[in-house]
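What follows is each chain in one-letter form.
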Amino acid sequence: MSKIRVMSENLANKIAAGEVVEKCASVVKELVENSIDAKANNIKINLIDGGLTSINIVDNGIGMDKEDAKLAFARHATSKIYKDDDLFFIETLGFRGEALASIASVSEVNLDTCSGDVGTHVHIKGGIMDEISSSNARIGTEITITNLFFNTPARLKYLKSEATELNNCIQFIEKLSLSKPSIAFTLTNNGKVIVKTSGSSNLLKTIHEIYGLNVSSNMLDIKASNDDFEISGYIGKPGILKKNRNHFNIIVNGRIVRNNDINRAINDAYYTYKHEGFYPIVVINIDTDPTLVDVNIHPTKQDIKLSKIDDLTRLLYETIKNTLYDNLLIPNAIITNEENNIKSESYVSKYENQDLESKTIIQTSFDFRANNEDELVIKNADFKKLKLYPIGQVHGTYIIAENEDGMFILDQHAAHERINYEMIQKRFHDETPAFIDMLVPFSIELSTSDYEIFMENKYVLEDLGFNIEEFGINTIIFKSHPTWLTKNFEGDNLRTIVDLVITNHKNFNKDKFLDSLAKMVSCKMSIKANEHLSKEQMEKLLDDLVECDNPYNCCHGRPSIMKFTNYELEKMFKRVI
Ligand code: ZN
Ligand code: ZN
């Protein structure tokens with residue numbers, strides 16, 4: 001029986017040809033998804049000039065018989081979708097037939113396909129099938145698209161440069177590979193292998209094949225569930241960050257999607273573990289009842305809406321935050337550049353103006369270890385027991401320390417700031433805040449409007465142990481302050497704290513305010529760079545730092561500590577090779 005049926009008129013109308021096919025990557029997307037629907041587990045995508053000259057897809061799927069091959073190019077034909085709602089049941093990836101008809105109407109197509117004994121060859125140009133014949137009997141499908149948009153000059157104009165079209169294809173195949181670890185993908189451009197995955201069904205191995213050793217060896221696995229969602233996958237340690245969110249790989253029921261709420265939850269979970277404007281690499285699978293996925297989003301877009309999104313984002317946030325908390329995250333001072341070397345040899349140099357910073361070309365020659373069971377996993381809890389011994393200071397800014405495992409280098413300001421930040425945060429939760437009466441009360445004169453705003457909001461400070469009184473016209477006076485505000489910093493700090501209250505008064509959010517307060521005060525109170533420390537001071541700093549919940553970053557996300565392992569030291573000095 002023919003596997004391909006004709007979809008409803010209504011659905012067909014939703015998928016106007018122009019919306020499905022707009023660039024080389026969308027052609028690749030439709031064709032590769034057809035291959036996946038055809039149960040292929042080995043898919044090769046061969047581009048010439050980023051797809052502008054030719055797009056060739058070879059799969060080992062179930063193929064089509066002659067009838068299906070003919071029907072595949074009929075408008076509104078599809079193998080999977082029978083009625084409107086089915087379209088959005090995410091398990092269905094493609095719009096087989098419909099997309100093919102669209103593509104065939106604006107290009108030249110050569111199709112070779114076989115589902116059994118006899119293969120079929122089809123040639124179509126501009127939507128007109130001018131050849132259908134028997135061909136070889138290799139099971140699967142090979143399709144080649146050339147002359148894209150040859151008959152629609154308006155759209156041809158919108159195709160981007162070779163580098164941009166190629167980059168879009170790479171991004172799509174990389175993400176797709178991560179969502180389908182059981183399928184082997186190979187993407188080539190002008191004969192050069194750019195993406196290659198083995199279809200091992202092992203997600204971490206796929207991450208390795210896409211991002212390289214430096215990333216795959218710095219991933220933490222996550223797993224959690226609630227009534228409606230199951231999440232699993234990998235999140236990157238904060239030592240490996242990217243400058244954009246492109247590497248938030250979110251997969252809902254097997255399909256790569258985009259959702260701002262999910263992105264925000266991930267970003268928030270890394271709060272103070274990273275600089276703002278930098279993003280981790282994550283690959284997260286979310287499994288849920290398909291009925292929770294909103295059906296009113298255009299099928300070719302990746303953006304989705306989910307019911308119960310708040311439950312999902314809470315689960316993601318908590319899981320990621322706890323995973324970061326549980327694991328030891330001291331970044332290695334030495335980052336291996338093996339992947340980068342391979343990258344620079346190939347096409348990246350040719351397209352150096354493109355944003356290919358994230359692209360890696362990995363041959364599978366790296367020694368990938370899927371499980372690190374034989375390796376000692378050191379958890380954050382163990383870090384709290386670490387004893388680091390100070391050796392000395394560099395430029396009055398960095399502290400060198402050691403223990404049995406290696407050498408550590410700390411940014412003394414970042415480390416001290418972290419210690420103060422966590423100390424202050426804890427004191428905010430004291431039932432009865434401890435305060436000190438000031439020997440010399442500190443007065444501040446404000447403008448009339450600022451004075452009004454401040455007096456309205458000063459209770460926030462009073463709750464923390466500040467005693468503030470009016471002191472003449474538009475002037476306030478501090479008579480006491482909480483004990484966490486250490487000596488010598490009062491005047492400077494009080495002025496800034498008052499400013500902080502005033503600038504935060506619109507849509508005042510207490511938690512946000514307290515966090516900014518803790519950040520600001522901890523920065524001001526911390527040892528600066530170019531400040532010489534005694535051995536005792538360094539010892540105290542190291543001892544206090546290991547007690548922190550996140551000892552790895554200052555409160556702004558800058559690194560506070562890095563490690564050279566003994567092995568790296570030995571490697572540097574060629575004691576080991
Ligand atoms: Zn600072
Ligand atoms: Zn900082």
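Residues numbered from 1 in each chain as written. Chains lettered and ligands numbered in written order. Predicted model: local features only at pLDDT ≥ 70, side-chain atom pairs only at ≥ 80, totals over all residues. Heavy atoms only, no water.

### Focus: the overall build of the protein chain
Then step 1. A tally of helices and strands in the protein chain yields 21 helices and 24 strands.
Then step 2. Taken over 577 residues, the protein chain has a buried fraction of 51%.
Then step 3. Pairs at least 24 residues apart make up 70% of the contacts formed inside the protein chain by residues separated by at least 6 positions.
Then step 4. Of the accessible surface of the protein chain, which amounts to about 26,900 Å², a share of 50% is contributed by carbon and sulfur atoms. (Helix = DSSP H or I, 4+ residues; strand = E, 2+ residues; numbered from the N terminus. Buried < 20%, exposed > 50% of the residue type's maximum accessible area, 1.4 Å probe, protein only. Contact = heavy atoms within 4.5 Å. Areas by Shrake-Rupley, 256 points an atom, 1.4 Å probe, with all protein chains shown as cover.)

### A look at the coordination of the zinc ion (ligand 2)
Then step 1. Those protein atoms acting as donors to the zinc ion (ligand 2) are Glu417 (OE), Cys554 (SG) and His556 (ND1), and they sit at 2.0 to 2.4 Å.
Then step 2. Here the donor residues of the zinc ion (ligand 2) share one chain and are spaced in sequence as E-x136-C-x1-H.
Then step 3. If you look at the zinc ion (ligand 2) and the zinc ion (ligand 1), they sit 3.6 Å from each other and are both ligated by Glu417.
Then step 4. Overall, the relative accessible area of 2% leaves Cys554 in the buried class.
Then step 5. His556 gets classed as partly exposed once you look at its relative accessible area, which sits at 36%. (Donors = N, O, S within 2.8 Å, 3.2 Å for Na, K, Ca; no water.)

### Focus on the sheet that holds strand β12 (residues 229–236)
In any sheet, the strands associate via hydrogen bonds between backbone groups, in a parallel or an antiparallel arrangement.
Then step 1. Strand order across the open sheet formed by five strands is β11-β12-β17-β14-β15, with mixed pairing between neighbours. The sheet is open, and its two edges are formed by β11 (219–225) and β15 (255–257), each paired on a single side. Each strand of the sheet is rotated relative to its neighbour by a mean of 20°, with strand direction disregarded.
Then step 2. Set on the sheet, helix α10 (residues 260–269) makes contact with β14 (248–252) and β17 (282–288); between it and β14 the angle comes to about 130°. (Pairing = 2+ DSSP bridges. Axes fitted to C-alpha atoms, helices over the stretch in contact; angles between N-to-C directions.)

### Quick word on the coordination of the zinc ion (ligand 1)
Then step 1. Looking at the zinc ion (ligand 1), the protein donor atoms are His413 (NE2), Glu417 (OE) and Cys523 (SG), and they sit 1.9 to 2.3 Å from it.
Then step 2. Taken in chain order, the donor set of the zinc ion (ligand 1) reads H-x3-E-x105-C.
Then step 3. Taking the relative accessible area as the measure of exposure, Cys523 reaches 26% and is therefore partly exposed.

### A short note on the packing of α10 against helix α11 (residues 309–326)
Then step 1. For the pair α10 and α11, the least separation of the axes is 8 Å and the interaxial angle reads 25°. Our classification of the angle between α10 and α11 gives roughly parallel. Crossing of α10 against α11: the hand is right-handed. Of α11, the residues touching α10 (which contributes Asp261, Ile262, Ala265, Ile266, Asp268 and Ala269) are Ile309, Leu312, Thr313, Leu316, Tyr317, Ile320, Lys321 and Leu324.
Then step 2. Tallied by class, residues from the contact of α10 with α11 come to 10 nonpolar, one polar and three charged. (Parallel < 35°, antiparallel > 145°, perpendicular 65-115°, else oblique. Left-handed = near helix turned anticlockwise from the far one by under 90°. Nonpolar A, V, L, I, M, F, W, Y, C, P; charged D, E, K, R; others polar.)

### Some words on the pairing of strand β20 (residues 406–411)
On any regular strand, side chains alternate: one points to one face of the sheet, the next to the other face.
Then step 1. Pairing geometry for strand β19 (residues 398–403) and β20, over six bridges, is antiparallel. The partner of Ile399 across the bridge, within β20, is Leu410.
Then step 2. If you look at the hairpin formed by β19 and β20, you'll find two residues sitting between the two strands.
Then step 3. Two elements, β20 and strand β24 (residues 561–565), share five bridges in a ladder whose sense is antiparallel. Pairing of Phe408 across the sheet is with Lys563, part of β24.

### Some remarks on the nonpolar core
Then step 1. Residues Val32, Ile45 and Ile207 are the most contacted members of the largest nonpolar core, which totals 56 residues.
Then step 2. Composition of this core by domain shows at least three residues from each of domain 1 (9–196) and domain 2 (203–340).
Then step 3. Among all residues touching Ile207, those that are not within four sequence positions of it are Leu178, Gly212, Val215, Ser216, Met219, Tyr234 and Val283.
Then step 4. In this structure, Ile262, Tyr273, Ile527 and Met538 belong to the second largest nonpolar core, which totals 49 residues. (Core = buried A, V, L, I, M, F, W, Y, C linked by side-chain atoms within 4.5 Å. Domains from an automatic or database assignment.)

### What to know about the packing of aromatic side chains
Each pair of aromatic rings is reported with the distance of its centres and the angle of its planes.
Then step 1. For the structure on display, the rule yields five aromatic pairs.
Then step 2. Taking 6.2 Å as the distance between ring centres and 80° as the angle between the ring planes, the aromatic pair formed by Phe466 and Trp484 counts as edge-to-face. Linking Phe466 in the loop between α17 (459–462) and β22 (467–470) with Trp484 in the loop between β23 (475–482) and α18 (490–503), this pair joins segments that are 18 residues apart in sequence.
Then step 3. Residue Phe466 is classed as buried on the basis of its relative accessible area, which comes to 4%.
Then step 4. Grouped by ring-pair contacts, the aromatic residues Phe428, Phe466, Phe478 and Trp484 constitute a single cluster. (Phe/Tyr/Trp six-rings, centres within 6.5 Å; stacked < 30°, edge-to-face > 60°.)

### Let's talk about the pattern of salt bridges
Then step 1. Enumeration according to the criterion identifies 16 salt bridges in this entry.
Then step 2. Asp463 is paired through a salt bridge with Lys510; the nearest N and O atoms lie 3.9 Å apart. With Asp463 in the loop between α17 and β22 and Lys510 in helix α19 (residues 510–525), this pair connects stretches of sequence that are 47 residues apart.
Then step 3. Take Asp463: its relative accessible area is 46%, and that puts it in the partly exposed class.
Then step 4. For Lys510, a relative accessible area of 39% translates into the label partly exposed.
Then step 5. In this structure, Asp544 engages Lys540 in a salt bridge whose closest nitrogen and oxygen atoms are separated by 2.6 Å. (Salt bridge = Lys/Arg side-chain N within 4 Å of Asp/Glu carboxyl O.)

Take it as geometry only, folks, not as evidence of what the structure does.
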